[in-house]
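# Examination of the molecular architecture
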Amino acid sequence: MKVVILAGGFGTRISEESEFKPKPMIEVGGNPILWHIMKSYLYYGFDDFIICCGYKADIIKDYFANYFLHRSNVTFDFKNGNSIKTYTTKVEPWTVTLVDTGLSTLTGGRLKRVASFIGNETFMLTYGDGVCDVDIADLLRFHKKNKKMVTLTAVMPESRFGTLGFGNSGSIVETFAEKKEEDAGWINGGYMVMEPEIFNHISGDDTVLEREPLEYAAKTRNLIAYRHNGFWQCMDTMRDKQRIEQLISEGNAPWMIWND
């Protein structure tokens, strides 16, 4: 089964780093967050990826073009025609298809542009900027059991701000409380499973996947949520990146379920 990853956006909310590279290539723990996402899928046996590129696509292409070399011990023999010998190292058994889906194409349009690479089969889709410890195998079982066009992983993000209660004066704070997770509400955390019928509801490059296609799926009762109560973290801002980095440095990164 193919896994599609949306990796073409500008990442303007983390412009401190996305000025120089696409957001999925921003490193956390010494590897791009895209690598972390792909490792999660590989853990469950999914190794065939289609990456929807756009902004600074050449950086993603260069990364995978040199991936084997960078992960290998290597001898450069300049005395014999500049021959190169690589030695056994750890390289993931991925198949990676990189597709330039346009600089300003929206999320639905990017998906539509890779339809020919997916074919007429069930596929997975996620965003290239969020890590999660969802059980992807169980997610797929849930999708097959319910037989809907789209299954998304619903997550409840941590709330960032406390709430203030004002009195009649309009200025005096009478109550203060840290927001609880349940106050935030469920959101789409990515990690979706889709049937190819979704392409019939994407008109072109200007289609936002989260608008017309998913709204139509919801209206026709073809959208179902797999509720995930575990860890999920997007990387929209530098604050998010720093939190992910901290979890890795502390050895407490719930999504890093692989053993190598």
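Everything in this summary refers to the structure shown in the same document. Once a new chain begins, its residue numbering starts again from 1 and follows that chain's sequence as written. In view of the model being predicted, local features appear only for residues whose pLDDT reaches at least 70, and side-chain atom pairs are presented and counted only at 80 or more, with totals across whole chains, interfaces and linings using the full set of residues. By convention in this description, side-chain values take in all heavy atoms of the structure and omit both hydrogens and water.

## Points about the environment of Val-131
Using the following cut-off: Each helix is a run of H or I in the DSSP string that is no shorter than four residues. Each strand is a run of E no shorter than two, and both are numbered from the N terminus. Only protein chains enter the accessibility calculation, which uses a 1.4 Å probe; a residue is then buried when its area is under 20% of its type maximum, exposed when over 50%, and partly exposed in between. When checking whether two residues touch, look at their non-hydrogen atoms; a contact exists if any pair is within 4.5 Å.
With respect to the helices and strands, Val-131 occurs in strand S9 (residues 130–132). Given a relative accessible area of 1%, Val-131 falls into the buried group. Residues Val-131 and Thr-89 lie 42 residues apart in sequence; the distance between their C-alpha atoms is 25 Å. With near-sequence residues (within four places) excluded, Val-131 lies in contact with Ile-33, His-36, Ile-37, Tyr-191, Phe-231, Trp-232, Gln-233, Ile-244 and Trp-255.

## Topic: the packing of aromatic side chains
Applied cut-off: Between 30 and 60 degrees the pair is tilted, below 30 it is stacked and above 60 it is edge-to-face, where a pair is any two Phe, Tyr or Trp rings, Trp via its six-membered ring, whose centres lie within 6.5 Å.
Scanning the model with the defined rule gives 14 aromatic pairs in all. When the centroid spacing of 5.5 Å and the interplanar angle of 25 degrees are considered together, the rings of Phe-231 and Trp-255 count as stacked. Within this pair, whereas Phe-231 is found in the loop between strand S15 (223–227) and strand S16 (232–234), its partner Trp-255 is found in the segment after helix H10 (238–249), the two being separated by 24 residues in sequence. Exposure class is identical for Phe-231 and Trp-255. Each is buried.

## Comments concerning the pattern of salt bridges
Let me state the cut-off plainly: What counts as a salt bridge is simple: a side-chain nitrogen of Lys or Arg found within 4 Å of a carboxyl oxygen of Asp or Glu.
The final tally for this structure, using the stated rule, is 10 salt bridges. The partner of Asp-236 in a salt bridge is Lys-23, with the nearest N and O atoms 3.2 Å apart. Of this pair, Asp-236 sits in the loop between S16 and H10 while Lys-23 sits in the loop between helix H1 (15–18) and strand S2 (27–28), and the two are 213 residues apart along the sequence. Accessibility expressed as a relative area gives 12% for Lys-23, which makes it buried. Residue Asp-138 pairs with Arg-141 through a salt bridge whose shortest N-O separation is 3.4 Å. Of this pair, Asp-138 and Arg-141 both sit in helix H7 (residues 136–146), three residues apart, which is roughly one turn of the helix. Here the salt bridges share partners, and the residues they tie into one network are Arg-13, Lys-23, Asp-129 and Asp-236.

## Thoughts on helix H3 (residues 57–65)
Condition: Arc, as used here, means the arc of the directions from the helix axis to the C-beta atoms.
For H3, the set of buried residues is Ala-57, Ile-60, Tyr-63 and Phe-64. Looking straight down H3, one finds its buried side chains confined to an arc of 125 degrees; they lie on one side. Against strand S1 (2–7), strand S3 (31–32), helix H2 (33–43), strand S4 (48–53), helix H4 (67–70) and strand S7 (95–100) lie the buried residues of H3.

## A closer look at unusual backbone geometry
Even without a glycine there, the phi angle at Lys-56 is positive, about 50 degrees. Looking at the secondary structure, you find Lys-56 in the loop between S4 and H3. Located in the positive-phi region is Asn-82, a residue other than glycine, with phi close to 55 degrees.

## A closer look at the side chain of Lys-241
Summarising the element assignment, Lys-241 is placed in helix H10. Not counting residues within four places of it along the chain, the set of residues in contact with Lys-241 comprises Ile-14, Glu-17, Ile-26, Glu-27, Val-28 and Met-235.

## Observations regarding H7
Basically, it comes down to this: Two N or O atoms form a polar contact when they lie within 3.5 Å of each other; inside protein one atom must be a possible hydrogen donor and the other a possible acceptor, and for residues adjacent in sequence the pair counts only when both atoms belong to side chains.
Within the sequence span of H7, burial applies to Ile-136, Leu-139, Leu-140 and His-143. When H7 is viewed along its axis, its buried side chains cluster within an angular range of 100 degrees and face the same direction. Residues of H7 that are buried make contact with H2, strand S8 (123–127), strand S10 (150–155), strand S14 (192–194) and S15. Between a side-chain oxygen at the N-terminus of H7 and the backbone nitrogen of Ala-137 the separation is 3.2 Å; the capping residue is Asp-135. Of the residues flanking the end of H7, it is Lys-147, one or two places downstream, whose phi is positive at about 55 degrees.

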